[in-house]
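Each chain is listed here by its residues.
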Amino acid sequence: QVYLVESGGGLVQPGGSLRLSCVASGSIFSINAMGWYRQAPGKQRELVAKIISGGITNYVDSVKGRFTISRDNAKNTVYLQMNSLKLEDTAVYYCNVVGSMLTRTRFDSWGQGTQVTVSS
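Residues numbered from 1 in each chain as written. Predicted model: local features only at pLDDT ≥ 70, side-chain atom pairs only at ≥ 80, totals over all residues. Heavy atoms only, no water.

Colleague: Outline the overall build of the protein chain, listing residues and values.
Modeller: Counting its regular elements, the protein chain contains zero helices and 11 strands. In the protein chain, 55% of the contacts between residues at least 6 apart in sequence involve partners at least 24 apart. Summed over its atoms, the accessible surface of the protein chain is roughly 6300 Å², and 49% of this surface lies on carbon and sulfur atoms. For the protein chain, the distance from the average site of its 12 positive side-chain charges to the average site of its 7 negative ones is 4 Å. (Helix = DSSP H or I, 4+ residues; strand = E, 2+ residues; numbered from the N terminus. Contact = heavy atoms within 4.5 Å. Areas by Shrake-Rupley, 256 points an atom, 1.4 Å probe, with all protein chains shown as cover. Lys, Arg positive; Asp, Glu negative; His and termini not counted. Charge placed at Lys NZ, Arg CZ, Asp CG, Glu CD.)

Structure representation (structure tokens):
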């Protein structure tokens, strides 16, 4: 089993910053990709940012220049630094991790979600 624990969500004013963290634990052999998705009320879940082996990153256009994804391989942790937050960034943010377990079985795990609310 692979477990993901997210933290760092909350209420922030427009223009503010938050940092999300997601720690993966369990029977992990290797991690191929770590990412953040979000889902706003009435909308589909969308990819916000992803980081893959080698440190290659990609972002949805709406957050480019404002959000930064990073990972600490030693801690199996992925971060999302969110700056210059806008009202439209309000959503539940989910961590996603893809890799292989000790049994070499592939896993694709999701966190429980953390609420980010941007409001004045």
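Colleague: How would you sum up the packing of aromatic side chains? Please name residues and give values.
Modeller: Applying the stated rule across the entire model yields one aromatic pair. The cationic tip of Arg 45 hangs over the ring face of Tyr 94; the distance from NZ or CZ to the ring centre is 3.8 Å. When the ring centre of Trp 110 is taken as reference, the NZ or CZ atom of Arg 45 above it lies at 4.8 Å. (Phe/Tyr/Trp six-rings, centres within 6.5 Å; stacked < 30°, edge-to-face > 60°. Lys NZ or Arg CZ within 6 Å of the ring centre and 35° of its normal.)

Colleague: Kindly report on the sheet that holds strand S1 (residues 2–7), identifying the contributing residues and their values.
Modeller: One open sheet holds the four strands; their spatial order is S1-S3-S8-S7, and the pairing between them is antiparallel. Strands at the two margins of the open sheet, each flanked by one partner only, are S1 and strand S7 (67–72). Each strand axis lies, on average, 15° off the axis of its neighbour in the sheet, ignoring direction. (Pairing = 2+ DSSP bridges. Axes fitted to C-alpha atoms, helices over the stretch in contact; angles between N-to-C directions.)

Colleague: Now, about the pattern of salt bridges: what can you tell me, with residues and values included?
Modeller: Evaluation of the coordinates by the stated rule reveals four salt bridges. Between Glu 46 and Arg 38 there is a salt bridge; the shortest N-O distance is 2.7 Å. For Arg 38, a relative accessible area of 6% gives the class buried. (Salt bridge = Lys/Arg side-chain N within 4 Å of Asp/Glu carboxyl O. Buried < 20%, exposed > 50% of the residue type's maximum accessible area, 1.4 Å probe, protein only.)

Colleague: Break down the nonpolar core for me, citing the residues and quoting the values.
Modeller: Core analysis: the largest hydrophobic core is formed by 29 residues, its most contacted members being Trp 36, Val 48, Phe 67, Val 78, Leu 80, Met 82 and Tyr 93. Considering every element that reaches this core, the biggest residue donor is strand S9 (residues 91–101), with five residues. Among residues more than four places away in sequence, those in contact with Leu 80 are Leu 18, Arg 19, Leu 20, Trp 36, Val 48, Ala 49, Phe 67, Thr 68, Ile 69 and Tyr 93. (Core = buried A, V, L, I, M, F, W, Y, C linked by side-chain atoms within 4.5 Å.)

Structural measurements only, silent on function.
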